[in-house]
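Chain by chain, the residues:
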Amino acid sequence: MNIRANSRTVAVLGPTNTGKTHYAIERMLAHRTGVIGLPLRLLAREVYDRILALRGPDCVALVTGEERIVPDRTQYWVCTVEAMPVEIGADFVAVDEIQLCADPDRGHVFTDRLLHARGLHETLFMGSDTMRSAIAALVPGVHFQRRERLSQLAYSGSRKISRMPPRSAIVGFSVENVYAIAELIRRQKGGCAVVMGALSPRTRNAQVALYQNGDVDFLVATDAIGMGLNLDIKHVAFSATHKFDGRRMRPLNPDELAQIAGRAGRYQTNGSFGVTGEARPLPDEVIAAIENHEFLPVRKLQWRNGRLEFGTVARLIASLEHQTQDDWLTRARDADDLTALKTLVAQPDILDRLTGPRDVRLLWDVCRIPDFRGISGAEHAGLLDSVFAFLQGAGRIETDWLARNIQRIDRVDGDIDALSRRLAYIRTWTYIAQRKGWVDDEKHWRGATRAVEDRLSDALHDRLTQRFVDRRTSVLMRRLKQKESLVADVNDKGEVTVEGELIGRLEGFRFRQDKTDSADEAKTLRQASISALVPLFHLRADKFYNAPDTEFDFTEQGGLMWGDTAIGKLVKGDDSMRPQITAFVDDEAGHDVAEKVRRRLQHFMDRKIAALFEPLLNMSRDETLSGLARGVAFQLVEAMGVIPREQIAQDIKALDQDARAMLRKHGVRFGQYTVFLPLLLKPAPTRLRLVLKSLADGLDEFPESPPAGLVTIPHLPEIPSAHYIMSGYRPAGARAIRIDMLERLADLLRGCDSRAGFEATPDMLSITGTTLEQFADIMQGLGYAAAKGERAKVKAEAPQPPADGTADAAPADAQADTPDGHEHTDTAPPADSSAPADAIGDAPQADGAPSSPTDADKPDEPQVELFYTFTWAPRPRRDARPARKPQQDARGDQRKGQGQKPKGGKPKGKKPENKPRDYSAGPRKSDRIDPDNPFAAALMGLKTKG
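Rules behind the numbers
Chains are numbered independently. Their residues run from 1 in the order of the written sequence. Where totals are concerned, whole chains, interfaces and linings use all residues; where local detail is concerned, this predicted model gives features only for residues with pLDDT of at least 70, and gives and counts side-chain atom pairs only at 80 or more. No hydrogens and no water enter the side-chain calculation; it runs on all heavy atoms of the structure. By definition, any uninterrupted DSSP run of H or I lasting at least four residues is a helix, any uninterrupted run of E lasting at least two residues is a strand, and each is numbered from the N terminus. Type-normalised accessible area, obtained with a 1.4 Å probe on protein chains alone, sets the label of each residue: buried when under 20%, exposed when over 50%, and partly exposed for intermediate values. Every residue pair with non-hydrogen atoms within 4.5 Å of one another is taken to be in contact. Methods summary: accessible areas were calculated by the Shrake-Rupley approach with a probe of 1.4 Å, and residue burial reflects only the protein chains presented. DSSP-based pairing: two strands are paired if at least 2 bridges between them are found. Here the aromatic set is Phe, Tyr and Trp, taking the six-membered ring for Trp, and pairing holds for ring centres within 6.5 Å; pairs whose planes are under 30 degrees apart are stacked, those over 60 apart are edge-to-face, and all others are tilted. As used in this record, nonpolar core signifies buried Ala, Val, Leu, Ile, Met, Phe, Trp, Tyr and Cys residues forming a set joined through side-chain atoms within 4.5 Å. Each axis is a line fitted through C-alpha atoms, taken for helices only over the stretch in contact, and angles between the N-to-C directions span 0 to 180 degrees. Throughout this description, any angle smaller than 35 degrees is read as roughly parallel, any larger than 145 degrees as roughly antiparallel, any in the 65 to 115 degree range as roughly perpendicular, and the remainder as oblique. In the scheme used here, Gly and all other residues not listed as nonpolar or charged are polar, with Ala, Val, Leu, Ile, Met, Phe, Trp, Tyr, Cys and Pro taken as nonpolar and Asp, Glu, Lys and Arg as charged. Salt bridge, as applied in this entry: a Lys or Arg side-chain nitrogen positioned within 4 Å of an Asp or Glu carboxyl oxygen. Here, expected helix span is obtained from the residue count minus one, scaled by 1.5 Å. Note: the arc covers the axis-to-C-beta directions of the helix. Confidence scores here are pLDDT values: one per residue, from the predictor, ranging 0 to 100.

S.K.: Before we move on, can you summarise the overall build of the protein chain with the specific residues and values?
M.R.: A tally of regular secondary structure across the protein chain gives 31 helices and 34 strands. Within the protein chain, buried positions represent 49% of all 946 residues. Sequence separation of at least 24 residues holds for 70% of the intrachain contacts in the protein chain that already meet a minimum separation of 6. Put simply, the protein chain shows about 44,900 Å² of open surface, and 50% of that area lies on carbon and sulfur atoms.

S.K.: Kindly report on the sheet that holds strand β29 (residues 674-676), identifying the contributing residues and their values.
M.R.: A sheet is described by the order of its strands in space; here three strands give the open sequence β27-β29-β28, paired in antiparallel fashion. The open sheet terminates on both sides in strands that have one partner only, identified here as β27 (642-644) and β28 (669-670). With three bridges joining them, β27 and β29 adopt antiparallel strand pairing. Bridge assignment links P644 to a residue of β29, and that residue is T674.

S.K.: A description of the packing of aromatic side chains should follow, citing residues and the corresponding values.
M.R.: Scanning all chains against the criterion turns up 13 aromatic pairs. On the numbers, 6.3 Å between centres and 15° between planes, the contact of F509 with W562 is stacked. Of this pair, F509 sits in the loop between β21 (501-507) and β22 (510-513) while W562 sits in strand β24 (residues 559-562), and the two are 53 residues apart along the sequence. Take F509: its relative accessible area is 0%, and that puts it in the buried class.

S.K.: Give me the pairing of strand β10 (residues 168-171): which residues, what numbers.
M.R.: Residues S168 and I170 point to one face of β10 and A169 and V171 to the other, with burial holding for every one of them. Here four bridges tie β10 to strand β12 (residues 218-221), and the two strands are oriented parallel to one another. Its bridge partner being in β12, V171 is matched across the sheet by A221. When β10 meets strand β13 (residues 235-238), the two strands line up parallel, connected through four bridges.

S.K.: Summarise the nonpolar core; cite the residues concerned and give the values.
M.R.: One finds L341, L363, V387, I397 and W429 to be the most contacted residues of the largest nonpolar core, which totals 63 residues. When residues of this core are assigned to their parent elements, the largest contribution, eight residues, is made by helix α16 (residues 416-434). If near-sequence neighbours (up to four positions away) are discounted, I397 is found in contact with V387, F390, L391, L402, I432, W438 and V439. Counting 56 residues, the second-largest nonpolar core is a separate cluster that includes A541, V597, M605 and L688.

S.K.: So, the sheet that holds strand β30 (residues 712-714): which residues are in play, and what are the values?
M.R.: Spatially, β30-β32-β31 is the arrangement adopted by the three strands of the open sheet, whose pairing is antiparallel. At either end of the open sheet lies a strand with only one pairing partner, and these are β30 and β31 (729-732). Averaged over neighbouring strand pairs, the angle between their axes works out to 30° when direction is ignored. As defined by bridge partners, β30 adjoins strand β32 (residues 735-738) across three bridges and the pair is classed as antiparallel. Along β32, the bridge assignment pairs I713 with A736. Taken strand by strand, helix α27 (residues 739-749) contacts β31 and β32, and its axis lies near 85° from that of β32.

S.K.: Account for the packing of helix α11 (residues 336-345) against helix α14 (residues 377-393), with residues named and values stated.
M.R.: Where α11 meets α14, the axes come as close as 10 Å, and the angle between the chain directions of the two elements is 70°. As summarised for this structure, α11 and α14 are arranged roughly perpendicular, according to the angle between their axes. Of the residues in α14, those in contact with A340, T343 and L344 of α11 are A381, L384 and D385. Of the residues that constitute the contact of α11 with α14, the class distribution is four nonpolar, one polar and one charged.

S.K.: An account of the pattern of salt bridges is requested, with residue identities and associated values reported.
M.R.: Here the structure, examined in full by the defined rule, presents 46 salt bridges. With a closest N to O distance of 3.9 Å, D232 and R167 form a salt bridge. Of the two residues, D232 is situated in the loop between β12 and β13 and R167 in the loop between β9 (153-158) and β10; the sequence distance between them amounts to 65 residues. Residue class for D232 comes out partly exposed when judged on its relative accessible area of 37%.

S.K.: Help me get a handle on unusual backbone geometry, residues and values and all.
M.R.: At R167, a position not held by glycine, the phi torsion is positive, near 65°. Despite not being glycine, H293 shows a phi value in the positive range, around 60°. Assignment of secondary structure puts H293 in the loop between α9 (284-292) and β17 (301-303).

S.K.: I'd like to hear about the pairing of β13, residue by residue, with values.
M.R.: Neither face of β13 is exposed, since H235 and A237 on one face and V236 and F238 on the opposite face are all buried. Sheet topology note: the β13/strand β16 (residues 271-275) ladder contains four bridges and is parallel. The partner of F238 across the bridge, within β16, is V275.

S.K.: Help me get a handle on helix α7 (residues 201-212), residues and values and all.
M.R.: Taking 1.5 Å of rise per residue, the 12 residues of α7 would be expected to cover 16 Å, and the 15 Å separating its terminal C-alpha atoms lies within 8% of that figure. Turning to α7, the residues buried within the fold contact α3 (41-55), β10, β11 (193-195), β12, α16 and α17 (442-465). Downstream of α7 by one or two residues, G214 has phi in the positive range, about 85°.

S.K.: Any details on the packing of α3 against α7? Residues and values, ideally.
M.R.: Put simply, α3 and α7 touch, their axes get as near as 10 Å, and they point 70° apart. If you check the angle between α3 and α7, you find them roughly perpendicular. Facing α3, whose interface residues are R41, L42, R45 and E46, α7 presents P201, R204 and N205.

S.K.: Talk me through helix α29 (residues 772-781); I want residue IDs and the actual numbers.
M.R.: Residues L772, F775, A776, I778 and M779 constitute the buried set of α29. Viewed along the axis of α29, the buried residues span an arc of 160°, placing them on a single side of the element. G783 sits one or two positions beyond α29 and adopts a positive phi of about 105°.

S.K.: Explain the environment of F676 to me, and be specific about the residues and the numbers.
M.R.: Within the secondary structure, F676 sits in strand β29. Judged by its relative accessible area of 0%, F676 falls in the buried class. As a C-alpha pair, F676 and I643 span 33 residues in sequence and 6.3 Å in three-dimensional space. Excluding anything up to four places from it in sequence, F676 contacts G641, V642, G667, V668, R669, L681, I739, D740 and E743.

S.K.: Got a sec to walk through the confidence of the model for the protein chain? Specific residues and values, please.
M.R.: Taken over all residues, the pLDDT of the protein chain has a mean of 79, while the share at 70 or more is 79%. Below a pLDDT of 50 lies the segment residues 803-857, which in the model reaches 165 contacts outside its immediate sequence neighbourhood of four places, other chains included. A low-confidence stretch, residues 877-946 (pLDDT under 50), is modelled with 132 contacts involving residues beyond four sequence positions or located in other chains.

S.K.: Let's hear about the environment of F244: which residues, and what values?
M.R.: Among the secondary structure elements, F244 is positioned in strand β14 (residues 242-244). Considering only alpha carbons, one finds F244 and S174, 70 residues apart in sequence, at a separation of 8.2 Å.

Put into structure tokens, the structure is as follows:
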């Protein structure tokens, strides 16, 4: 007593969201031992988990009516207020929500803790400021701390549930009301979590996790959320302002409304509250009281005598009904335990069995078993009678009887109501198993009842997340006066059911109905399905519109996909670079949904084209380009970045160095065979180019892009050459070679003597990734003759580059075969043209040609190898005149291109009669200056000066 006289008692009072519970946890952990009492086992479990994370499982106990976790070295006890061990001599004791002293049902327990629960060093009472006067009068020497709310709380009026903002909690005061609202939100908002005081902690935590993780944006709850549960809520809406308190319907007091509304706005985030559904707007004085946290003080606390007499049952009842003379206290109405006691002692057989104080005390302990089932007082009394008979007779509850009762409950089938009833039943047996000395093998039965509760909790959570059963839907239709004759449901797989029967599937924004035997039935089912799906269409449209571009893609046939679902298609527009969109949306979804889907797909394609064709679009918007340069740029844009050189040969020939330089700044490469932008040869732009070009050309079936990384692909005669060009390849013989690699090959070919003949080098085979035979076929497709021969095999020597740096120089006779008589390809390869030599599995041999078969029995015979000699041999045009000597034609064309008099006595201005149409590499003069060379102007000046 002397020790407790030195303890400090503090009342921390204030509105919700002031951090009172957090402060109590900090104070308890500052002491060696402590006990904290909380109003709900849900809140007790939450606080237990927080302390467990800080101090570990070896020193933290959890004690509620249905759960008991007590380690051997317990220092901190987290309990419901009824289960607090008040006589263990803890250094610290705290009681949360102390204003519940005024509660008609449980208030006498809180009042008892206020009057008698003390810590050796510190005692803390947390709750509403309405308790200040009562605590000051009943607790001598108490110190008060006033804590202000960390955020603002404002009234926002009445709102329809359909217009409820995200992160809202809608509060109901009956199970049916909660389920009806939850079903409506499921239809209009896509789903919600459900929290009620009757849920087990496991179910409640799973439901809260759905909300806290953002899987759903709405919470439907009873007033259980008002007791300290910390949730991320921005708005609280009351669906009613009256509740049934167990005896009558009554309006909620302003302080009760404030306790619930205060869940909105956590920490420093402001919150709001209002009404919805059939609830009338709150009066101005109530709004002001809630916003300013000003309420009438508590004048009477519920009290019941704690000094019980067990001599006889009559003396026990008299002590429980003892009146108080304290003006602050009023005797509580008969609680369930006293009512059960009076019911049992009214039975003569039980009264006869009460032979002494021990029996009376035992009967009182049995009567304190809570009526979790809530069926009827008589049935609960029958259960207590059986338990008392076992305990008074054998001293233990019969194991077989206990096992049979638990086994009947251990089922996870049925609807939400059935699972909720079983969960309430198992709480009774869990409470019994927690009582010390009532059952054999306490550890086993505590684990068994907890396992059944966990299974039922998980099953109930599953049912709740499946958005309720048909019976709950009928409650919704009755309460919200909906006139649907049938109700449809859609699961996560898109399957649509009506009255539990599968009738079709929802694919994106299109409903695919299964076949039915009757046309009238099909019409009715579709009408019911579409009516139920309209809210879902809008919800999906919002989700679709806000989805990132990574969730969308286009197919090679112009389809548009949202994940695995076809959601639209591309159609030809006025501009080939900006196709139009056709969205796949049912008419029943409405114009707004269809337009939102179309706009989102249009944004996706516009951004995709802008990203993949950025160099091309930048060039089209370059206002500094003018004249022929602008014309070439326009043609490149029309061709989407890849155009055969022969199509614009005259325009390229007429470009001066400044115009070429301006186009090169945009990444244009003037290749010997193709004018292109190397960045647009990558797989992604190529795939998009094929789709856009096919749309522009009005093709019914679009060509598919080749696999990425291949240098050559098969050349199929039935596929038009234009498709290969758009794919980034040029046909040459039986194969088509990638455009950028072809230009690299052309660079090598210009250094070869195509008149006298040359052989393939390892570099040529490596660039093309082909065997010698395949390379010979490609060369023939490019306009070369390939002469096959055999010779004795010798070790190949690595080729040495020319000492004068003229590796890029081509033989003189190649100049007549170029498109304009003076143009050559850029020598620098593009950044993305590094495909391996074995990209298609045909790696060249080290010496450039495969060996002939040898006879192992004749090792002395010389080995023979195959080789090819390539010479320039373009095919003549069909309308060509008799061919002249190639060398003479080439020189004449060269001189003409340079504006000089042709050699060999040919008349000036006369065109060669056999000019090649295939722009393949050929010989050129070594002293010719490449006009595509960035230093061409300077070199020409030096040449003129010399």
